[in-house]
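Spelled out, the chains give:
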Amino acid sequence: AGGGAACGVGGALRAVVAEEGVLALWRGLSATLLRDVPFSCLYWVGYEALKRRATAASADGATLSPAAAFLAGAASGSTAAFLTTPLDVVKTRQQTVPSYSGIQLHEGLARVVREEGASALLTGLKPTLLGYGIEGALKFGAYERVKAPLAALLVRLGAGGSALWLRPLLARL
């Protein structure tokens, strides 16, 4: 919405709806989903595969070290980000460049390549890799560290109450 400064989030939302219609609030949603679903699949499947390999290679063949979880998270986050960056580039343009609004993802990919060259599909790759590498390392490193104690705490808290349904799920962790 280019008609002046909006006051806060509510003002911005009202301005976008007034100028472009309510559907403008969902501009780029299909591209977002077409980027986020593959990203999440690559991220989690990649992490689990690296985790299995690191665990099997550990001294006892059964323990995942904090460093291995950290590195597996960094590698899976960076790899997923690298593979989905072209989709992210088009998604961002659909959301911010009016002439990209309403075009299909494949059309956006072709347009970027035609108008700017294939390398434009990797716009922002370095900070993206760095960000998702750090985020993956911290997320999975922390997850592996707190998973067992948190599961035990939840079972204890729910032993006599409404969280009883969690026991079968937590027992699998």
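Because the structure is predicted, anything quoted here is derived from the model rather than measured. Numbering of residues starts from 1 in every chain and runs along the sequence as written. A pLDDT threshold of at least 70 governs which residues receive local features in this predicted model, and a stricter bar of 80 or more applies before side-chain atom pairs are shown or counted, although totals over entire chains, interfaces and linings include all residues. Side-chain metrics in this entry use all non-hydrogen atoms of the structure; hydrogen atoms and water are not considered.

Engineer: What should I look at first to understand the packing of aromatic side chains in this one?
Structural biologist: For Phe, Tyr and Trp, rings pair up if their centres lie within 6.5 Å, where Trp contributes its six-membered ring, and each pair is then called stacked (planes under 30 degrees apart), edge-to-face (over 60) or tilted (otherwise). The full count for this structure, using the stated rule, is 6 aromatic pairs. Ring centres of Tyr 43 and Phe 140 lie 5.3 Å apart, and the angle between their planes is 70 degrees; this geometry places the pair in the edge-to-face category. Of the two residues, Tyr 43 sits in helix α2 (residues 29-56) while Phe 140 sits in helix α5 (residues 125-158), which places them 97 residues apart along the sequence. Think of it in three bands: with a 1.4 Å probe and only protein chains considered, a residue is buried below 20% of the maximum accessible area for its type, exposed above 50%, and partly exposed in between. Overall, the relative accessible area of 2% leaves Tyr 43 in the buried class. With a centroid separation of 3.8 Å and 10 degrees between ring planes, the pair formed by Tyr 47 and Phe 140 is classed as stacked. Pair noted here: Tyr 47 is in helix α2 and Phe 140 is in helix α5, with a separation of 93 residues, a long-range link. Residue Tyr 47 is classed as buried on the basis of its relative accessible area, which comes to 0%. By relative accessible area, Phe 140 is classed as buried at 0%. Through a chain of ring-to-ring contacts, the aromatic side chains of Phe 39, Tyr 43, Trp 44, Tyr 47, Tyr 132 and Phe 140 assemble into a single cluster. The way it works is that DSSP assigns letters per residue, a run of H or I at least four long becomes a helix, a run of E at least two long becomes a strand, and they are numbered from the N terminus.

Engineer: Sorry if this is basic, but what is going on with α2 here?
Structural biologist: Quick reminder: α-helices carry 3.6 residues per turn. Residues three or four places apart thus point the same way. The terminal C-alpha atoms of α2 lie 40 Å apart, and with 28 residues this matches the ideal 40 Å at 1.5 Å per residue to within 8%. Taken residue by residue, α2 has Ala 31, Thr 32, Arg 35, Phe 39, Tyr 43, Tyr 47, Lys 51 and Thr 55 as its buried positions. A helix is expected to span 1.5 Å for every residue after the first.

Engineer: Quick question: what am I supposed to make of the environment of Gln 95 here?
Structural biologist: Among the structural elements, Gln 95 can be located in helix α3 (residues 66-96). Separated by 66 residues in sequence, Gln 95 and Leu 29 place their C-alpha atoms 8.5 Å apart. In this view, Gln 95 contacts Arg 27, Gly 28 and Thr 32; residues no more than four positions away in its chain are not counted. Contacts are assigned to residue pairs that have any heavy atoms within 4.5 Å of one another.

Engineer: For this particular structure, what's the right way to read the packing of α2 against α3?
Structural biologist: Each pair of packed helices can be summarised by the angle the axes make with each other and by the distance between the axes. What counts as an axis is a line fitted to C-alpha atoms, over the stretch in contact for a helix, and the angles between N-to-C directions run from 0 to 180 degrees. At a closest axis distance of 8 Å, the pairing of α2 and α3 adopts a crossing angle of 170 degrees. Between α2 and α3, the angle falls in the class roughly antiparallel. Once α2 is placed against α3, the crossing between them reads as right-handed. Asp, Glu, Lys and Arg are counted as charged, while Ala, Val, Leu, Ile, Met, Phe, Trp, Tyr, Cys and Pro are counted as nonpolar; the rest, among them Gly, fall into the polar class. Grouping the constituent residues of the contact of α2 with α3 by class yields 17 nonpolar, 8 polar and 4 charged. Geometric relationships in this document are graded by angle, where less than 35 degrees denotes roughly parallel, more than 145 denotes roughly antiparallel, 65 to 115 denotes roughly perpendicular, and other angles denote oblique. With the far helix as reference, a near helix turned anticlockwise by less than a right angle produces a left-handed crossing, and one turned clockwise produces a right-handed crossing.

Engineer: Explain the side chain of Lys 51 here, please?
Structural biologist: Mapped onto the elements, Lys 51 comes out in helix α2. Ignoring anything within four residues of it in the chain, the contact list for Lys 51 reads Leu 64, Ala 72, Glu 144 and Lys 147.

Engineer: Is there a simple way to think about the nonpolar core in this case?
Structural biologist: In a soluble, globular protein the nonpolar side chains are often hidden away together inside. Within the largest apolar cluster, 10 residues are counted, these being Phe 39, Tyr 43, Tyr 47, Leu 64, Ala 68, Ala 69, Ala 72, Ala 80, Ala 81 and Phe 140. Elements represented by at least two residues in this core include exactly α2 and α3. Per-element tally for this core: the top contributor is α3, with 5 residues. If you look at the next biggest cluster of nonpolar residues, it comprises 8 residues, including Leu 87, Val 90, Val 112 and Ala 120. Put simply, buried Ala, Val, Leu, Ile, Met, Phe, Trp, Tyr and Cys residues joined by side-chain atoms within 4.5 Å make one nonpolar core.

Engineer: What exactly am I supposed to notice about helix α4 (residues 105-116) here?
Structural biologist: In this model, α4 (12 residues) spans 16 Å end to end at C-alpha, consistent with the 16 Å of a helix rising 1.5 Å per residue. Residues Leu 105, Gly 108, Arg 111 and Val 112 constitute the buried set of α4. When α4 is viewed along its axis, its buried side chains cluster within an angular range of 120 degrees and face the same direction. Exposed side chains of α4 directed beyond 90 degrees from the buried face belong to His 106 and Arg 114. Looking at the packing, one finds that the buried side of α4 touches α2 and α3. This arc corresponds to the set of directions leading from the helix axis out to the C-beta atoms.

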